[in-house]
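# Structure at a glance
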Amino acid sequence: MAEQTFREASENTADAISDATQATAMFAQKAGQATTHKVIEKATEYKDVYTTINEMVHHFWERVPYLLIALVVFLFFWLVAKLFKFFMNKVLSNRLQNKKNLTTVLNRIGGILIVFVGFMIALVIAIPGFKAGQLVSALGIGSVAIGFAFKDIFQNLLSGILILLGEPFRIGDSIIVNGMEGTVEDIQVRATFLRSYDGRRLVIPNANVYTSAITVNTAYTQRRCEFVVGIGYDDDVNKAKQIIIEILNNDRLVLSQPAFTVIMTALADFSVNLTVRWWINTQETNIGDSVSEIQEKVKESFTEQGINIPYPIQELKMASNSAALPLQPVLMPVQTDTPLQPEIKTPPPQTP
């Protein structure tokens, strides 16, 4: 009986081991099949990626000669643009000496057009099937949205071209526009660059320059200088005029034509004002230096000749109409060459 029970337990154990072995084998087979499927699937994906990259590299190396040719073509047109600018400078600099801005605009517009044509040809060579119309359509040039977006840019561009062609001023001129004053450094198609007298750069959009009133200080070589000097009421006006005229006559930088003038322009509170005007050549001197020099000479000559240059002075006087009324100060303007101390005068004692 015990032997039979042991035999049955052994058979059950063997059956369990056999079932477990079969289940393990089936699981391993399924796992292997799943793993093999995943490996094949990933290998297929990697193969597709590799094939795509390989094709891209292959196509790139096929296009390398065309890219090199396109680069050579673009460099050729770039050199042609440089030669065009050099040729225009050589030819027009002698014939159009007074049209420097025209030479500048022709150089810039011509150079940009040449480089643009070279760029389009290079794109056609580098990219198969490329057409210029495709680029225009892609950028949407001429559409209403682009027009509004680039309205200011196009306005400044057109204004810059008109300024360069019309030449209201030139590079190197001293101008005043919208309250800003300086020397014109450059006129580009977008903005005009000024260098202020204190060493700052002023960038003004061409649209503002073109639509604003402009004062060109250096448009002509002859400029008028003037200043006002006051003399005392007791001084001889004709003598003062003659002194100033002699100073202007003896100054070699003062032009004889147009003639200089010394005229009396005002009877002011403290002085008789004389306005002195003369003309200079800006290629020999400037207005600031000339005015400073003439004023110094006038001051020295007036001091030597005894002519006063008065300044406001007040004299304090005390007056009274009767003994019963208090004293009242009276301010009277006077002119003199030396400062005075306030003087207090009292009326004589009244007799009963």
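Let me begin by describing the structure that accompanies this report. Numbers given to residues run from 1 along each chain, matching the order in which its sequence is written. Where totals are concerned, whole chains, interfaces and linings use all residues; where local detail is concerned, this predicted model gives features only for residues with pLDDT of at least 70, and gives and counts side-chain atom pairs only at 80 or more. Think of the side-chain values as coming from all heavy atoms in the structure, minus any hydrogens and water.

## Here's the deal with the packing of aromatic side chains
- Only rings of Phe, Tyr and Trp enter the pairing, Trp through its six-membered ring, and a pair is recorded when the two centres are within 6.5 Å. The plane angle decides the type: under 30 degrees is stacked, over 60 is edge-to-face, the rest tilted. Taken as a whole and assessed by the stated rule, the structure comprises 3 aromatic pairs.
- On the basis of an interplanar angle of 80° and a centroid distance of 6.4 Å, the ring pair of Phe74 and Phe119 is categorised as edge-to-face. Taken as a pair, Phe74 in helix H1 (residues 2-95) and Phe119 in helix H2 (residues 100-126) lie far apart in primary sequence, 45 residues in all.
- Since its relative accessible area comes to 26%, Phe74 is described here as partly exposed.
- Look at Phe119 and you get partly exposed, because its relative accessible area is 38%.
- With centroids separated by 5.7 Å and ring planes inclined at 85°, the aromatic side chains of Phe76 and Phe77 adopt a geometry described as edge-to-face.
- Residue Phe76 is classed as exposed on the basis of its relative accessible area of 52%.
- A 1.4 Å probe rolled over the protein chains alone gives each residue an accessible area, and that area as a share of the maximum for its type sets the label: buried under 20%, exposed over 50%, partly exposed in between. The buried category is assigned to Phe77, whose relative accessible area is 18%. In this text, helices come from DSSP runs of H or I with a minimum length of four residues, and strands from runs of E with a minimum of two, each type numbered from the N-terminal end.

## Structural notes on the nonpolar core
- Residues enter a nonpolar core if they are buried and are Ala, Val, Leu, Ile, Met, Phe, Trp, Tyr or Cys, with the set joined through side-chain atoms within 4.5 Å. Among the nonpolar cores identified, the biggest contains 22 residues, and Ile244, Leu248, Val276, Trp278, Ile294 and Phe302 are the most heavily contacted of them.
- When contributions to this core are tallied by element, the ones reaching two or more residues are strand E6 (222-231), helix H7 (237-250), strand E8 (272-281) and helix H8 (287-305).
- Every residue in contact with Ile294, bar those within four places of it in the chain, is listed here: Phe227, Ile247, Leu248, Asp251, Val254 and Trp278.
- The next biggest cluster of nonpolar side chains, apart from the first, holds 12 residues, and it includes Val105, Leu164, Val184 and Leu202. Contacts: residue pairs with any heavy atoms within 4.5 Å of one another.

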